[in-house]
Structure formats: C-alpha cells, structure tokens
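Per-entry structural report
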Amino acid sequence: MSDLADLLSQLNASLSDHIGLLPMLLLTILALLLLPLSQVRSFQRGLGVFALLGLGVATALVYEMFAFPHLGFGTFERRLDESYFGGAMVVNAWSLFFSAIFLVVALLVCLASLSEVKRHEPHQGEYYALLLLATVGMLVVASANDLFLLFIGIEIASVSTFALTAWRKKDALSSEAAIKFFLIGGLSAALLLYGISWVYGATGSVQLGQIAAAAPHTTHPEALTLGALLMIAGFGFKFAAVPFHGWAPDVYTGAPTTISAFLAAGSKKMAVVAALKVFVIGFGTVAATVHWQLIFGVLAILTMTVGNVVALWQTDIKRMLAYSSIGQAGYILIAVAVATPDAIAAGLYHSLTHALMKGGAFLLVGGLAAAGVGYKIADWEGLGRRSPGMALAATLLLLGLAGIPPTGGFFSKFFIFATAVAAGDWFLWLAVIGLLNSALSLYYYAKVIRAIYKRPAKAGAKHVHVPLPYAAAVILATIGVLATFFFANLGFGLASEAAESLLTLTSLR
Amino acid sequence: MLEHLLYLTWLIPFAPFLVFGFIYLMAALGWNLGQAAGHLSLIGVGISALLSVVIFADVSSGVALGPIEVVWVSFPSSGGPPLQYTMGLQFDHLSALVGMVVGILSFLITLYSLGYMRGDVGLHRYYAHISLFIGAMLGLVYSNNYLMMFIMWELMGLCSYLLIGHYNHKPEAAAAAKKAFLVTRIGDVSFLIGLVVIWNTFGTFQFSAIEQAVGGIKDTMLLAHIALLLFGGAVGKSAQFPLHVWLPDAMEGPTPVSALIHAATMVKAGVFLVARSYPLFVHADPIALTTVAWVGGFTAIFAASMALVFFDIKRVLAYSTLSQLGYMFLALGVGGYSAGIFHLMNHAFFKALLFMGAGACIHAVHSNDMRQMGGLFKKMRWTGLAMLIATLSISGLPLLSGWWSKDEILTDVLLSGVWHADILYFFGLFTAVLTAFYMFRLWFLTFWGTPSHHAEHAVEAPPTMVVPVVLLAIPAALSGLLAVYVLDLPDFLEASEGMAGELFFQLGAFGLGSVSLELAGQALGSVMALLGLYIAWVMYGRRYGKRNVEYLKDLGWAGVLYRTLWNRYYIDQLYVGFCTMVIVPFVRLQARFDQGGIDGLVNGIASAAFALGASLRRLQTGIVSHYAAMIVLGIVLIAVVGNAQTLAGFLDELARQNFGYGG
C-alpha cells in the first residue's frame with residue numbers, strides 16, 4: 001500500500017512539475033485510447049464526441065492558463081513562464097496564444113468531422129487519433145524552445161497529416177494528394193534537419209537562447225548562413241510560401257475537406273511559430289549578417305503575388321481557397337520580415353483571424369458539399385435563396401479574407417500593413433505591395449459573393465440543408481470572425497502580450 | 001441607482017440592436033416573425049427607455065455617473081502614442097435629458113406601431129429597422145465622442161432611408177427615400193470633413209478632451225471652420241434651408257416613422273450635434289453662431305409660410321417641424337443654449353403627438369387629405385382632444401409647454417448681440433403668428449365642421465394607438481411648466497456644461513438687454529399666437545368650409561404668392577433643374593473620362609494580373625518532381641537574396657581586377 005501511495009505522490013509531484021504540458025499529455029493519452037476503443041463496434045459514433053470532449057478540455061486548460069496565470073489549479077501549482085526539460089520547452093503567453101489557435105481549429109475541424117466521417121466508413125478511430133496527434137505536434141511546436149524539439153513537433157504533425165490526407169484511401173484524388181504531400185514533406189524535413197545540423201555545427205547548441213548568444217562569435221559564419229537558408233526552405237514548405245508551395249493546391253483540393261481546413265487554418269500556423277521563434281530569437285543577434293529579414297521580405301512578395309494572381313483563375317472553390325491561403329501566408333510573412341514587436345503581434349493576430357476565416361470557409365465548402373452542392377463557383381449560384389444562413393456566413397467569411405469590415409480580417413491585415421509602414425525603411429514597400437495584392441484579391445472573393453446572391457440558374461432549386469455539425473462549426477467560426485472585429489483591441493492586446501513574451505525567450509539560457 | 005451597475009447602460013443602445021439582429025437572423029433562417037417582431041422590439045425599446053429614465057433620475061438628483069469607455073481599437077503609430085478609438089457613453093445633464101425624451105417617445109411610438117402597422121406584409125423588416133434606429137439614436141445621444149456619434153448618425157441615415165421606403169411597392173416612397181438619403185448625404189460629407197479637421201486639430205474625438213483643449217486654441221477662424229462644417233451636417237440631418245427639401249417628401253413613410261424619426265428624434269440630431277459642440281461654437285469666431293442663428297431664423301419663417309397652403313395633413317406637420325427646428329437653431333445661434341434644448345424637448349412631445357394623432361385620423365378615413373376629413377371630433381373625441389392640446393401648445397398659448405420655450409427663445413433673440421437681431425426677432429415673432437394659424441387651420445379642417453363623406457364612418461383608433469396619444473398629451477401640455485418649476489431647466493443644463501454662463505456673458509456684452517423689453521417681448525409673443533388663432537378661427541372655424549386660403553389663388557398678387565408657396569418657392573424645381581443642366585452633363589463628362597481613362601487603366605492592370613496568373617498557373621503541373629525542382633530553385637533564390645551584398649562585392653572586385661574600374 002505504501003508503495004502505491006508513494007508512486008501516486010511521485011506521480012503527483014511529477015505532474016505538478018509539468019502542469020504546463022498537461023494539454024499535450026491529455027491529448028496524447030486520448031489519441032492512444034481511441035485506437036483500442038475504435039475496435040468496439042458499438043462505440044463508432046462515440047469516437048468523434050470523445051475526441052471533441054478531449055479537445056474541449058485541453059482548450060479549457062489553455063484558456064485557464066492564459067486568463068488566470070496567477071491562480072493555482074486544483075492541487076497543482078501554477079507553472080507559467082516556466083521552462084521544462086532543461087529549457088527545451090517553455091510555456092508562456094506566446095505558446096498559449098498559438099496553442100489556443102491550434103486547439104480552436106482542431107475543435108472546429110473535429111466538430112465538422114462528426115458529419116464528414118460517415119457512419120459506415122472504416123478507420124474512424126485512426127482518423128480521430130491522428131487528428132489529436134497532429135494537434136499534439138502543433139502544441140509541441142508552440143512551446144518548443146529547441147531546434148530538435150521543434151523538428152520533432154513539426155514531424156509529429158506532418159506525418160499525422162500525411163496519413164489524414166490519404167484517409168479515404170479508395171479515393172484516387174486523396175491518395176495522389178497524400179503521396180505528393182509525403183514526398184515533398186520528406187524532402188523538406190530533410191532540408192530542415194540538414195539546416196539544423198549546420199546551425200548546430202556553427203554554434204554548438206540547438207537551444208535558441210544559446211544559439212543567439214553564440215551566433216555572433218561563430219568562427220564559421222557561412223555555416224550559419226547555410227543553416228538558415230536550409231531551415232527557411234524547410235519552414236517554407238509548411239508555410240506553403242512560394243516557391244515551396246507546389247504541394248499545397250493539390251493537397252488542399254484532394255484531401256477530405258475537414259483536413260484541408262485543418263492544414264490551411266491550423267498546421268500552416270506552425271511555420272509562423274517556428275519561423276518567428278528561430279529567426280527572431282535564434283538569429284536575432286545576427287540579422288545584420290544573415291539577412292533573413294530580406295529573404296522573408298522577398299518570399300512575402302513572391303508568396304502574396306503568386307497566391308493572389310493565380311487565385312484569379314480558379315473556378316473550383318477549394319482550389320481558390322488554397323491559393324488564397326498562399327496569398328494570406330504572404331501577408332503573415334510581411335510581419336515575419338518586419339519583426340518589430342508590433343509587427344509580430346500583428347502577424348499573430350492575422351494568424352488568429354486567418355485561422356477562423358479560412359477554417360470557416362473550408363468547412364463551409366465541406367458542409368455544402370455534404371448537402372449536395374458542388375465545388376465549382378457556378379454551383380453556388382442562388383445560394384442566397386437556397387440557404388440564406390450559410391450564404392450570410394459565406395459572405396462574412398469571404399469579406400474577412402478580403403479584409404473588409406465588419407470582420408477581424410480587416411483589422412489584422414490593417415495592423416500588418418500599419419506596422420510595416422511604422423517600421424519604415426524598405427518595409428514600406430512590403431505594405432504597398434501587400435495593399436495592391438489586397439485590392440487584387442477582392443476580385444476573386446467578390447466573384448463568389450456575387451454568385452451566391454445571383455438568382456439561381458435553375459428555377460425551383462431545392463433548399464440546401466447543411467448537416468448540423470458542419471453548420472455549427474461554420475457559425476462558430478463566423479462568430480469568431482465578427483468577434484475579432486468588435487473586440488479587436490482585446491485580441492490585439494493578447495497578441496501583443498504573446499509577442500512580448502516571445503522576446504523574453506532571448507534571456508533564457 | 002445605476003452607479004454600481006454602470007455597465008448595464010451599454011444595454012441602452014444594444015438592447016434594440018440585439019432585437020434588430022435577432023429579427024434579421026430569424027428572417028435569414030426563413031422565419032418571418034410578423035407581429036411578434038413588434039412585441040420583441042417593444043421589449044428591447046422598453047429596456048432602453050427604462051434605463052434612460054433611471055439615468056435621468058440619477059443625474060437630476062446629483063448622482064455622478066462617470067463616463068464608461070472601452071478602447072475599441074488601438075494600434076501603434078510611428079513615433080507617438082498609439083492611435084486609439086474609444087467607444088463610450090457619457091451621462092451629463094444634456095444627454096440625460098434628451099436621452100430620456102428619446103427613450104420615452106421611442107417606447108410610446110413603438111407601442112403605437114403595434115396598432116398602426118398591424119397587417120402590414122413587411123412587419124419584420126419594419127420592426128428590425130425601427131429597433132436599429134432607436135438603438136442608434138440613443139447611442140448618438142449618450143456617446144462621448146464624435147466618432148461614435150458619426151457612426152450612429154450614419155446608421156440613423158440608413159434606417160431613415162429604409163423606413164421612408166418601407167412601402168417599397170409605391171414609387172413615390174422609393175423616390176422619397178432616395179431623395180432623403182442623397183440630400184442628407186451632402187450634410188454628412190460636411191460632418192465627416194469636420195471630423196477630419198477635429199482630429200487634426202485636437203488629436204482626439206472625446207468631447208471632454210476637446211472641451212478642455214478648445215480654450216487654448218487661439219485661431220478662432222479655424223474653430224469657426226470646424227463649427228460650420230459640423231453645422232453643415234446638422235443642416236442636412238435637421239433639414240434646414242437649403243437642405244430642407246427631403247423632409248416633406250419623407251412623409252411617404254409610415255406615420256409612426258414620421259412621428260419618431262422625422263419629427264421627434266432623428267431630425268433633432270442636428271440640433272443635438274450643435275448643442276454637443278457648443279464649446280467649439282462659443283470659442284469660435286462669432287460668424288459661426290451668427291450663421292446658425294440666421295439659417296435657423298430664416299428656416300423658421302420660410303417653412304412656416306409653406307405650411308399655410310397644403311392639404312396633406314402630414315406635409316403640413318412636416319413643414320411645421322422644419323419651422324420649429326429653425327426656432328431651435330435660432331435659439332442656439334443667439335446663445336440661448338438652454339432655450340434651444342428646452343424647445344427640442346417640448347417640440348418632441350407635442351409634435352410626436354400631432355403625428356400620431358394625424359396617423360389615427362389617416363387610419364380612420366384612409367386618406368392624408370384634410371379636405372376628406374372634417375368633423376372628426378364627434379367620432380374620435382380622445383384623439384381630437386389630445387390634438388387640440390398639442391395644437392394649443394405648439395401655437396404658444398400661455399402656460400402650455402410651447403409657450404415657455406418659444407418665449408425664452410424670443411427673449412434670447414432680443415437680448416443677444418447677434419448681427420441684426422431685430423430682423424431675427426421679427427422672423428421669430430411673425431413665425432409665431434403663422435404657426436398658430438396653420439396649426440389651427442389643420443385642427444379645424446380635420447376635426448371641425450361637418451364630416452365629408454369619407455369621414456362619416458370614421459371610428460376611434462384601437463387602444464394601442466389611442467393610449468400613447470392620450471398619454472403624450474400630458475407632457476405636451478405640461479413639460480414646460482414642469483421643466484421650469486420642478487427641474488429649473490436653464491440651471492440644470494447650464495450647470496452641467498459649465499460654459500453657457502460664460503457664453504451669455506460673451507454675447508450679452510454687446511447685446512442690448514433690458515428687463516422691461518423682456519417683459520414686453522413675452523407679452524408680444526402671446527399676442528401673436530392669439531392673433532394667428534383668431535385668423536384661423538375666422539377663416540376655418542366660425543364659417544367652416546366657406547373661406548379658405550386657396551381663394552387667394554385668383555386674387556392677383558396674392559395668387560402669385562399662393563402659387564409660390566404651393567410650389568415650395570420653386571426650390572425643388574431649381575434643384576432638379578440644376579441637376580439636369582449642370583450636374584448630369586458634368587457627370588457624363590466624368591463618366592466618359594472614367595470609362596476611357598480610368599477604366600482603361602484598371603482593365604489594363606487587371607488583364608496584366610490575369611496574364612501573369614495564366615503563366616504562373618502553368619507552374620502547377622501536378623508533377624511532384626517539378627515541385628521538388630521548384631524547392632531547389634527556391635533555395636538558390638534565397639541564397640542569392642541572402643548574400644546579395646557579398647555577391648555584389650564579389651562582382652565589384654571581379655570588375656575591378658579585370659577591367660580596372662568600379663567601386
């Protein structure tokens with residue numbers, strides 16, 4: 001008995017030492033539980049709800065840590081701004097902000113999955129387990145403070161999403177998308193790891209604070225530069241930054257729509273975390289010699305322009321959203337290039353609003369597809385009459401992506417441009433090109449809105465009934481898009497807090 | 001009562017806003033709420049009205065309800081404090097008083113709508129827009145900064161447009177809505193430019209901050225520009241000359257809308273704006289207040305003259321509203337800050353009553369034409385009596401509410417040192433005669449004499465309509481007395497603003513004040529009202545139907561005058577002529593330039609973008625090895641970008657070594 005009590009108290013002590021990691025731990029255990037549970041035939045429908053509940057609890061935990069940083073939690077002691085595993089992981093406002101984005105996206109996707117994953121489909125357990133594991137990977141990236149851990153987090157998320165893309169393995173398009181995703185993903189992972197090894201070679205450390213300290217004194221600056229280039233290429237893949245974007249349109253189009261939403265809204269933001277962390281912290285001291293800001297600036301211009309210009313041509317909404325997603329990543333890259341605390345906060349805020357808008361938009365496409373509406377823009381004609389509620393949500397989400405009030409997209413894009421202008425210098429041009437791109441992008445968003453409110457081509461087209469889980473996810477996302485407008489100051493304040501806390505990481509050794 | 005629950009006050013604008021959102025949401029989900037929407041609106045407006053009354057009780061008993069504010073958005077600006085836009089409510093004496101009047105009237109008129117609008121096909125639309133309007137009006141009254149005020153101002157403009165055009169199957173209604181929207185837009189632009197100048201001058205939109213800073217600004221012409229730009233907005237919203245043309249046409253809307261928006265509340269927003277901006281006007285060059293006084297005084301007599309000849313009951317009331325709004329601006333312009341607000345309050349009560357009563361008559365005889373009414377007093381005693389009280393009140397019969405405020409205005413004009421106050425005083429006095437005349441003409445034509453055959457089967461309106469009308473008769477008669485003896489209104493308002501006293505001093509310094517003159521002036525005002533009443537009695541009361549102003553039509557010069565009035569001084573025609581002769585050709589010219597030049601440029605850029613897209617699109621081959629190749633090329637690209645300096649140096653060196661020149 002005393003052994004057991006001992007063990008329990010040890011466990012308790014160990015848990016309370018790692019309280020900040022509880023959401024990851026919880027989701028991992030849940031994912032592992034889902035696999036055996038899925039073998040229980042009568043529990044098939046419960047799997048999604050189970051995963052949803054888990055994500056809900058994890059979100060609540062993150063909220064609790066963010067909102068009440070000074071409150072004790074149960075028997076555990078609060079551990080915020082605390083580093084774990086010898087500084088390899090840090091839980092602070094920064095990691096919690098991104099954790100919240102990832103978890104909200106995962107929640108919406110999981111909710112919509114309740115109807116996307118049909119009753120009779122095989123491998124439901126794997127679907128939800130992989131979804132949770134991908135989320136865990138993203139949470140790891142959010143709090144990693146170490147290049148290896150960063151790499152591991154990215155890979156957990158990537159490998160899970162490769163499999164998720166191929167989840168409908170009988171579907172040729174889905175399998176093709178997955179194999180492309182996997183091949184390019186493999187190449188990029190290799191590049192990233194290779195870059196990490198060069199950086200390690202140059203600085204003798206993989207921990208960001210130590211890299212920052214050692215980088216200016218390295219005897220091999222060219223090794224550092226090479227490492228940085230290779231890492232940018234690796235992150236560029238996750239970011240779908242041009243020219244590392246080739247996989248994205250094919251994968252977003254081929255994957256199950258819920259997974260497209262997850263990739264575009266969630267896992268893309270992982271690259272924002274990683275890039276900002278590695279370069280602002282690790283390479284912050286050598287910005288003058290490595291020129292990573294210039295590189296990100298050029299990538300931002302390329303990414304915005306290619307994404308928006310090619311989106312003009314798309315007739316398939318999923319593909320249009322894929323290119324729009326590339327364009328939006330370009331705006332966030334502006335913030336990465338400018339890299340002042342305000343700009344970082346703006347980039348963070350755009351990550352949040354984009355997650356809601358793009359997630360909502362993809363889920364809306366999925367929901368309408370589930371209700372029998374096609375993927376072509378022409379299929380959406382007359383939606384204003386056939387489903388007024390969804391049409392309104394679609395309008396708001398698309399206006400948000402175009403950056404028009406009353407949506408959060410307006411403020412977040414505005415903040416990005418405003419902070420770029422405030423930073424002065426050549427960053428001004430990033431804002432100018434971003435503005436031109438915004439104007440361009442309005443064309444293809446407005447095209448869809450116009451189709452929605454056009455009279456239906458066929459007289460007497462039936463009313464569209466979007467399945468409830470999908471509709472709920474879309475409505476929640478739309479409310480979020482409106483809330484990020486009306487409570488912009490609150491959201492931007494949180495983003496600023498997160499950006500501030502990123503900069504304190506420099507002092508961690 | 002509210003000092004510890006201050007955040008509840010956000011419900012004042014938001015309770016109606018939520019009702020609006022809910023009705024629209026239900027409509028979007030395919031659920032037409034119909035009459036239930038009316039009950040919902042009534043609840044929403046009821047909450048706001050209740051809160052506005054509580055706020056008034058608190059403020060008037062001396063409880064300080066501090067302003068509540070939220071920072072809506074703040075973002076970093078280059079080298080300076082962050083730019084901040086705050087949304088906030090402030091509860092001083094001005095907003096508490098006007099807010100209470102608006103709250104109570106909104107509630108009563110929404111109640112009245114339940115009866116008047118019953119059976120309409122677009123009920124959900126109607127109540128959604130009414131709720132949105134009420135929320136916006138209250139938001140405007142309580143807002144503590146110009147930006148929020150402007151947002152609410154524009155929202156009201158939108159609601160006004162939607163509600164005037166509520167009967168959208170009627171082409172006149174659609175045209176009137178468009179006219180109202182376009183004409184007020186002219187004022188809105190002026191207001192907006194004023195806001196920009198305010199921001200540039202003061203760096204804030206907060207009233208309190210501006211009030212503090214305004215004394216330190218020595219450039220009085222700059223302040224006069226700001227003040228006049230704001231006044232431009234007020235001229236549009238409050239339909240003063242020369243932007244008065246939209247209000248009579250706005251009577252195409254449902255009658256409760258006319259009562260609420262186009263008589264009691266929205267058109268007062270312009271007066272309220274000037275009152276809110278009074279510190280600016282006071283410190284500005286005197287040209288600002290002089291303009292306000294003259295525009296107001298002129299509109300008062302000008303609009304009253306047009307009210308003499310029309311037979312459409314709502315149109316007569318509309319011209320009367322214009323004229324009374326002119327009185328309010330006249331008061332503000334000559335420094336009678338409290339007199340202007342006093343008249344605003346009194347007028348809101350009796351004019352709302354008059355419109356609602358007119359609506360009851362229209363409801364009974366199914367026509368707006370007073371010639372088809374007549375003798376209604378026997379059929380509709382409650383309505384007739386209430387309307388009589390309001391008519392007496394607006395005419396300025398002693399001790400009724402209109403008398404108090406009108407006399408105060410005339411006295412203030414007399415005492416002020418404004419440019420040619422004597423002419424303005426004459427305008428005011430003569431308007432009083434005209435007012436009493438046209439109002440009693442209206443009352444006699446409608447309620448007196450023998451019923452026309454349309455009116456024979458008229459019956460009293462349902463209780464939801466009569467009860468608000470009768471209830472309103474109480475403040476319509478007594479608000480003046482109560483305000484002076486219970487509230488001590490001039491002190492109440494001036495104490496809160498802390499600038500009116502200063503102002504009186506400023507203007508009085510070159511005024512010609514004397515007590516005996518004041519008394520004589522008051523007596524004269526009442527005599528004028530009685531004179532108007534007497535003429536109306538002779539022409540329409542004693543010998544009903546025998547004499548009419550339209551007999552003037554055939555009488556030489558009087559006929560010319562009559563036709564001028566009937567054609568509204570040809571101003572509408574003038575505007576139409578101006579538009580077709582000047583604006584339309586100019587716009588055509590611009591269109592040609594736009595289509596040829598601008599559109600060509602835009603199309604050129606667009607097709608360039610499309611062409612770029614078409615070629616970039618080919619990169620998306622769908623072949624994985626191409627994507628991998630792109631990644632490798634990408635690494636080369638960023639390597640070049642990242643080492644551009646080194647490369648440039650290297651090339652430089654190369655050039656120097658080989659060709660002997662360079663950096």
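Residues numbered from 1 in each chain as written. Chains lettered and ligands numbered in written order. Predicted model: local features only at pLDDT ≥ 70, side-chain atom pairs only at ≥ 80, totals over all residues. Heavy atoms only, no water.

Side note on the overall build of chain A
The test is simple: By the criteria applied, helices consist of DSSP H or I runs no shorter than four residues and strands consist of E runs no shorter than two, each listed in order from the N terminus. With the radius of gyration taken over C-alpha atoms, the globule rule is written as 2.2 Å times the number of residues to the power 0.38. To sort residues, take the accessible area from a 1.4 Å probe on protein chains only and compare it with the maximum for the residue type: under 20% means buried, over 50% means exposed, and anything in between is partly exposed. For the area figures, the Shrake-Rupley method with a 1.4 Å probe applies, and any residue is considered shielded solely by the protein chains shown.
Counting its regular elements, chain A contains 21 helices and two strands. The C-alpha atoms of chain A give 22 Å as radius of gyration, which agrees with the globular expectation for 509 residues (23 Å, within 12%). Projected onto the principal axes, the alpha-carbon positions of chain A cover approximately 70 × 70 × 40 Å. Looking at chain A as a whole, 61% of its 509 residues qualify as buried. Per element, the accessible surface of chain A, about 17800 Å² overall, is 69% carbon and sulfur.

A few points about the overall build of chain B
What counts here: Should any heavy atoms of two residues lie within 4.5 Å, those residues are considered in contact.
Counting secondary structure elements, chain B contains 27 helices and two strands. C-alpha extents for chain B along the principal axes are approximately 115 × 60 × 60 Å. By residue count, 57% of the 663 residues in chain B fall in the buried class. In chain B, once contacts between residues fewer than 6 apart in sequence are set aside, the share between residues at least 24 apart is 81%.

Structural notes on the interface of chain B and chain A
Definition in use: Throughout this description, the term salt bridge denotes a Lys or Arg side-chain nitrogen within 4 Å of a carboxyl oxygen of Asp or Glu. By the criterion applied in these results, polar contacts are pairs of N or O atoms within 3.5 Å in which, for protein atoms, one can donate a hydrogen and the other can accept it, and in which residues neighboring in sequence qualify only through two side-chain atoms. The residue classification treats Ala, Val, Leu, Ile, Met, Phe, Trp, Tyr, Cys and Pro as nonpolar and Asp, Glu, Lys and Arg as charged. All others, Gly included, are polar.
In this complex, chain B contributes 32 residues to the contact, which on the side of chain A involves 50 residues. Linking chain B with chain A are zero salt bridges, by the criterion used here. Across the contact surface, chain B and chain A share six residue pairs in polar contact (both at pLDDT 80 or more). Where the side of chain B that touches chain A is concerned, the elements lending two or more residues are β1 (68-75), α25 (571-617) and α26 (624-642) of chain B. At 12 residues, α26 of chain B tops the list of elements feeding residues into the side of chain B that touches chain A. Residues belonging to the side of chain B that touches chain A are distributed by class as follows: 22 nonpolar, nine polar and one charged.

Details of the nonpolar core
Put simply, the test is: Within this scheme, the nonpolar core is defined by two criteria: the residues are buried Ala, Val, Leu, Ile, Met, Phe, Trp, Tyr or Cys, and they are joined through side-chain atoms within 4.5 Å.
Residues W380 of chain A together with Y146 of chain B are the most contacted members of the largest nonpolar core, which totals 415 residues. If you tally residues by element for this core, the top one is helix α15 (residues 337-365) of chain B, at 20 residues. Beyond its immediate chain neighbours, meaning those up to four positions away, Y146 of chain B contacts F191, L195, I198, F205, F207, I210, L230, L273, S277 and L280 of chain B.

Focus on unusual backbone geometry
Following P405 of chain A, the chain continues into P406 of chain A via a peptide bond in cis, with omega recorded as 5 degrees. Along the chain, P406 of chain A falls in the loop between α17 (388-402) and α18 (408-423). For the peptide bond that leads from F241 of chain B to P242 of chain B, omega is 5 degrees, which places it in the cis range. Here P242 of chain B shows up in the loop between α8 (220-237) and α9 (246-249). The backbone of L399 of chain B shows a phi angle near 75 degrees, a positive value even though the residue is not glycine.

Concerning the side chain of S438 of chain A
All names here are of chain A. Tracing the backbone through its elements, the reader meets S438 in helix α19 (residues 427-452). For S438, the side chain forms a polar contact with the side chain of K413, separated by 3.0 Å. Residues contacting S438, with those up to four places away along its chain left out, are Y331, K413 and F417.

Regarding the pattern of salt bridges
Residues and elements named next belong to chain B. Taken as a whole and judged by the stated rule, the model has 18 salt bridges over all chains. As a salt-bridge pair, R185 and E154 come within 2.3 Å of each other at their nearest N and O atoms. Here R185 is found in helix α6 (residues 171-202), whereas its partner E154 is found in helix α5 (residues 146-164), with 31 residues between them in sequence.

Here we look at the confidence of the model for chain B
Residues and elements named next belong to chain B. Under the convention used in this document: Confidence scores labelled pLDDT are given residue by residue by the predictor and lie between 0 and 100.
Taken residue by residue, chain B gives an average pLDDT of 85. The fraction at 70 or more is 92%. Scored below 50 in pLDDT, residues 498-513 shows 29 contacts in the model against residues more than four places distant or in partner chains. Two numbers describe this predicted complex: its pTM, 0.77, and its ipTM, 0.84.

So, helix α9 (residues 221-239) of chain A
Applied cut-off: By this rule the span expected of a helix is its residue count minus one, scaled by 1.5 Å.
Taking 1.5 Å per residue, 19 residues should reach 27 Å; α9 of chain A reaches 26 Å between its end C-alpha atoms and fits that length. Counting buried residues along α9 of chain A, 16 of its 19 residues qualify, which places the element largely inside the surrounding structure.

Things to note about helix α10 (residues 247-254) of chain A
Most of α10 of chain A is tucked away, with eight of its eight residues classed as buried. Buried within α10 of chain A are the following residues: W247, A248, P249, D250, V251, Y252, T253 and G254 of chain A.

A closer look at the environment of A261 of chain A
Residue and element names in this part refer to chain A. Following the sequence through the fold, A261 ends up in helix α11 (residues 257-282). Its relative accessible area of 0% is what places A261 among the buried residues. It is 8.2 Å that separates the C-alpha atoms of A261 and V105, two residues lying 156 residues apart in sequence. Once residues within four sequence positions are removed from consideration, A261 is found in contact with V105, V109, G266, G359, F362 and L363.

Structural notes on a nonpolar patch on the surface
Which entries qualify depends on this criterion: Like-charged residues within 9 Å of one another, or nonpolar side chains (Val, Leu, Ile, Met, Phe, Trp, Tyr) within 5 Å, are grouped into patches, provided each residue has over 30% relative accessible area and no salt bridge.
On the surface, V467, L471, I474, L478, L482, Y485 and V486 of chain B cluster together to form a nonpolar patch covering roughly 700 Å² of accessible area. Structurally, V467 of chain B can be placed in helix α20 (residues 463-487).

Comments concerning the packing of aromatic side chains
Going by this rule: What counts as a ring pair is set by centres within 6.5 Å for rings of Phe, Tyr and Trp (its six-membered ring), and what kind of pair is set by the plane angle: stacked under 30 degrees, edge-to-face over 60, tilted for all other angles. Placement of a charge over a ring requires the Lys NZ or Arg CZ to be within 6 Å of the ring centre, with the centre-to-atom vector within 35 degrees of the ring normal.
Going through the model one piece at a time under the given rule, you end up with 67 aromatic pairs over all chains. Between F410 of chain A and F414 of chain A the ring centres are 6.2 Å apart and the planes differ by 10 degrees, which places this aromatic pair in the stacked class. Linking F410 of chain A with F414 of chain A, this pair stays in helix α18, spanning four residues, or about one helical turn. With a relative accessible area of 26%, F410 of chain A lands in the partly exposed category. Between Y444 of chain A and Y445 of chain A, the aromatic rings sit 4.5 Å apart at their centres with planes inclined by 50 degrees, giving tilted as the arrangement. Taken as a pair, Y444 of chain A and Y445 of chain A share a single burial class, namely buried. For the cation-ring pair, R371 of chain B lies above F311 of chain B, with the distance from its terminal atom to the ring centre recorded as 4.0 Å.

Section: the packing of α9 of chain A against α26 of chain B
Our working rule: In this analysis an axis means a line fitted to C-alpha atoms, helices contributing only their contacting stretch, and an angle means the value between N-to-C directions, from 0 to 180 degrees. For classification, angles of less than 35 degrees are called roughly parallel, those exceeding 145 degrees roughly antiparallel, those between 65 and 115 degrees roughly perpendicular, and all remaining angles oblique. If you view the pair so one helix is near and one far, a crossing is left-handed when the near helix is turned anticlockwise from the far one by less than a right angle, and right-handed when it is turned clockwise.
Orientation of α9 of chain A relative to α26 of chain B, taken along the N-to-C sense of each, is 135 degrees, at an axis distance of 10 Å. Considering the angle they form, α9 of chain A stands oblique to α26 of chain B. The crossing of α9 of chain A and α26 of chain B is right-handed. Contacts between α9 of chain A and α26 of chain B involve L229, L230, I232 and A233 of chain A from the first element and I635, I638 and A639 of chain B from the second. Residue composition of the contact of α9 of chain A with α26 of chain B, by class: seven nonpolar, no polar and no charged.

Points about the environment of T395 of chain A
Residue and element names in this part refer to chain A. Inspection of the secondary structure puts T395 in helix α17. For T395, a relative accessible area of 12% puts it in the buried group. T395 has contacts with I449 and Y453, leaving out every residue within four places of it along the chain.

Focus: the environment of I377 of chain A
Residue and element names in this part refer to chain A. For I377, the location among the structural elements is in the loop between α15 (341-370) and α16 (383-386). The class of I377 is buried, set by a relative accessible area of 9%. The spatial distance from the C-alpha of I377 to the C-alpha of I317 is 5.8 Å, given a sequence separation of 60 residues.

Quick word on the packing of helix α14 (residues 317-338) of chain A against α18 of chain A
Residue and element names in this part refer to chain A. Between α14 and α18, whose axes approach to 10 Å, the crossing angle comes to 30 degrees. Relative to α18, α14 is oriented roughly parallel. Here the hand of the crossing between α14 and α18 comes out left-handed. Across from Y331, I332, I334 and V338 in α14, the residues of α18 making contact are K413, I416, F417, T419, A420 and A423. Of the residues that constitute the contact of α14 with α18, the class distribution is eight nonpolar, one polar and one charged.

Quick look at the confidence of the model for chain A
For chain A, mean pLDDT is 88; residues scoring 70 or higher make up 94% of the total. Every residue in residues 72-79 of chain A scores below 50 in pLDDT, and together they form 23 contacts with partners more than four places removed in sequence or on other chains.

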